[in-house]
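Commentary on secondary and tertiary structure
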Amino acid sequence: MVEITVRETVEADIPAITAIYNEAVANTVAVWNDDIVDEANRRQWLAEHRVPGTIALTAVMTDDTGAEQVLGYATYGDFRHYDGFRNTVENSIYVDGARRAGGVGTALMDELIRRARDEGKHVMVAAIEGSNTASLKLHAKVGFEECGTVRQVGTKFGRWLDMTLMQLML
Ligand SMILES: CC(C)(COP(=O)(O)OP(=O)(O)OC[C@H]1O[C@@H](n2cnc3c(N)ncnc32)[C@H](O)[C@@H]1OP(=O)(O)O)[C@@H](O)C(=O)NCCC(=O)NCCS
């Protein structure tokens, strides 16, 4: 079992995060974007997750020389951009394809939830593609409850995508 450390995301993580994100864009319906991005795009993304009300966390393992290897990352940010939603955040989470089902997602979610609680947030929402069993199970494992599914609100790879909403009372 790999020892997993979760810490705030830093610039040095950007190449690995870009690769993980692009793999999810190219091969999964986890993210409903069609185009892969460059590292400058993810640097901008990181800057946007370094303001109050948002956070980006990276899961790493450290080898004998002290070098870190990125295993995955997770964020939260505004759920919706209206004043009344100020106490609600929406999360996102991606684990390296070679590291899935090894506890990395759970470690990231545990720390993400702890940070949101510390920041005084009230609810965390996850919007999950309806057939994404791994994500639905991960969120249920850390306490999220299913709220419902909006059908065929997305499209990718030539088919309609359902969005299941889950929420955690913080
Ligand atoms: C969803 C994702 C983040 C889960 O991360 P992970 O590191 O694999 O999750 P964990 O190993 O901590 O597993 C947590 C729970 O999820 C469930 N799970 C994980 N992978 C699963 C799979 N392939 N099938 C079914 N259940 C799975 C298990 O119930 C597991 O709990 P357990 O280990 O106590 O049985 C990861 O699969 C991923 O990055 N997928 C691609 C991107 C994505 O879908 N992101 C979420 C978008 S909403």
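Please refer to the structure placed before this passage.
Residues numbered from 1 in each chain as written. Predicted model: local features only at pLDDT ≥ 70, side-chain atom pairs only at ≥ 80, totals over all residues. Heavy atoms only, no water.

1. Examining the environment of Ala-24
The following threshold applies: Helix and strand definitions follow DSSP, with helices as H or I runs of at least four residues and strands as E runs of at least two, each counted in order from the N terminus. It only takes one pair of heavy atoms within 4.5 Å for two residues to be counted as in contact.
The residue Ala-24 is located in helix 1 (residues 14-27) in this model. Between the alpha carbons of Ala-24 and Asp-96 there is a distance of 9.0 Å; along the sequence they are 72 residues apart. Those residues in contact with Ala-24 that sit more than four places away from it in its chain are Val-31, Tyr-94 and Lys-156.

2. What about the pairing of strand 4 (residues 88-95)?
Two faces, one strand: in a regular strand the side chains alternate between the faces of the sheet. Condition: Relative accessibility under 20% of the residue-type maximum defines a buried residue, over 50% an exposed one, and the middle range a partly exposed one, all with a 1.4 Å probe and only protein chains included. We treat two strands as partners when DSSP finds at least two bridges between them. If you view a crossover with the strands going away from you and the path from the first strand over the helix to the second runs clockwise, you call it right-handed.
Within strand 4, six of the eight residues are buried, leaving the element largely enclosed by the surrounding structure. The pairing of strand 3 (residues 68-78) with strand 4 spans seven bridges and is antiparallel. Bridging across to strand 4, Gly-77 finds its partner in Glu-90. Two strands pair when backbone bridges link them, and strand 4 and strand 5 (residues 123-129) are joined in this way by three bridges, in the parallel orientation. Within the sheet, the bridge partner assigned to Val-89 lies in strand 5 and is Met-124. A crossover links strand 4 with its parallel partner strand 5, the connecting element being helix 3 (residues 104-118), and its sense is right-handed.

3. Thoughts on the nonpolar core
Definition in use: Residues belong to one nonpolar core when they are buried, are Ala, Val, Leu, Ile, Met, Phe, Trp, Tyr or Cys, and are joined through side-chain atoms within 4.5 Å.
Ranked by size, the top nonpolar core spans 26 residues in total, and within it Tyr-76, Leu-108, Met-109, Leu-112, Ile-113, Met-124 and Phe-144 carry the most contacts. Of all the secondary-structure elements, those providing two or more residues to this core are strand 2 (55-62), strand 3, strand 4, helix 3, strand 5, helix 4 (133-141) and strand 7 (159-169). The leading source of residues in this core is helix 3, at six residues. Once residues within four sequence positions are removed from consideration, Met-109 is found in contact with Asn-91, Ile-93, Met-124, Leu-138, His-139, Val-142 and Phe-144.

4. Comments concerning the site of the ligand
What counts here: Put simply, a residue is near a molecule or strand once any heavy atom of it comes within 4 Å of that molecule or strand. Contacts described as polar in this section are N or O atom pairs within 3.5 Å, which, within protein, must combine one atom able to donate a hydrogen with one able to accept it, while residues neighboring in sequence count only if both atoms come from side chains. All accessible-area figures derive from a Shrake-Rupley calculation using a 1.4 Å probe, and residue coverage is judged against the displayed protein chains alone. For this scheme, ten residues count as nonpolar: Ala, Val, Leu, Ile, Met, Phe, Trp, Tyr, Cys and Pro. Four count as charged, namely Asp, Glu, Lys and Arg, and the remainder, Gly too, count as polar.
Surveying the vicinity of the ligand reveals 18 residues, the closest of which are Val-95, Ala-101, Gly-105, Thr-106 and Asn-132. A distance of 3.2 Å separates an oxygen atom of the ligand from a polar atom in the side chain of Lys-141. For the ligand, whose free accessible area comes to 910 Å², the fraction covered by protein is 73%. Where the shell around the ligand is concerned, the elements lending two or more residues are strand 4, helix 3 and helix 4. If one sorts the elements of the shell around the ligand by residue count, helix 4 sits on top with five residues. In terms of residue class, the shell around the ligand is made up of nine nonpolar, six polar and three charged.

5. Here's the deal with the packing of aromatic side chains
To describe a pair of aromatic rings, one takes the distance between the centres and the angle between the planes. Cut-off, in case you're wondering: Aromatic pairs are defined between Phe, Tyr and Trp rings, using the six-membered ring for Trp, whenever the two ring centres lie within 6.5 Å; interplanar angles under 30 degrees are classed as stacked, those over 60 as edge-to-face, and all others as tilted. In our convention, an over-ring charge means Lys NZ or Arg CZ found within 6 Å of a ring centre and within 35 degrees of that ring's normal.
A complete count under the given rule lists five aromatic pairs for this structure. Plain terms: the ring middles of Trp-45 and Tyr-73 are 5.4 Å apart, the flat faces sit at 80° to each other, and that makes the pair edge-to-face. Separated by 28 residues along the polypeptide, Trp-45 in helix 2 (residues 39-48) and Tyr-73 in strand 3 bring together distant segments of the chain. One exposure class covers both Trp-45 and Tyr-73, and it is buried. On the numbers, 5.7 Å between centres and 75° between planes, the contact of Phe-79 with Phe-85 is edge-to-face. Feature note: the residues Tyr-21, Trp-45, Tyr-73 and Tyr-94 constitute an aromatic cluster, connected by ring pairs. For Arg-42, the ring lying beneath its charged end belongs to Tyr-21, and the centroid distance is 4.1 Å.

6. Some points on the pairing of strand 7
In this structure, strand 5 lies alongside strand 7, joined through seven bridges in antiparallel fashion. Bridge pairing in strand 7 links Val-123 to Met-169. Both strand 6 (residues 145-156) and strand 7 contribute to a ladder of eight bridges, which runs antiparallel. Within strand 7, the residue paired with Glu-146 across the bridge is Met-166. Connecting strand 6 to the next strand, strand 7, in antiparallel fashion are two residues, including Phe-157 with a positive phi near 55°.

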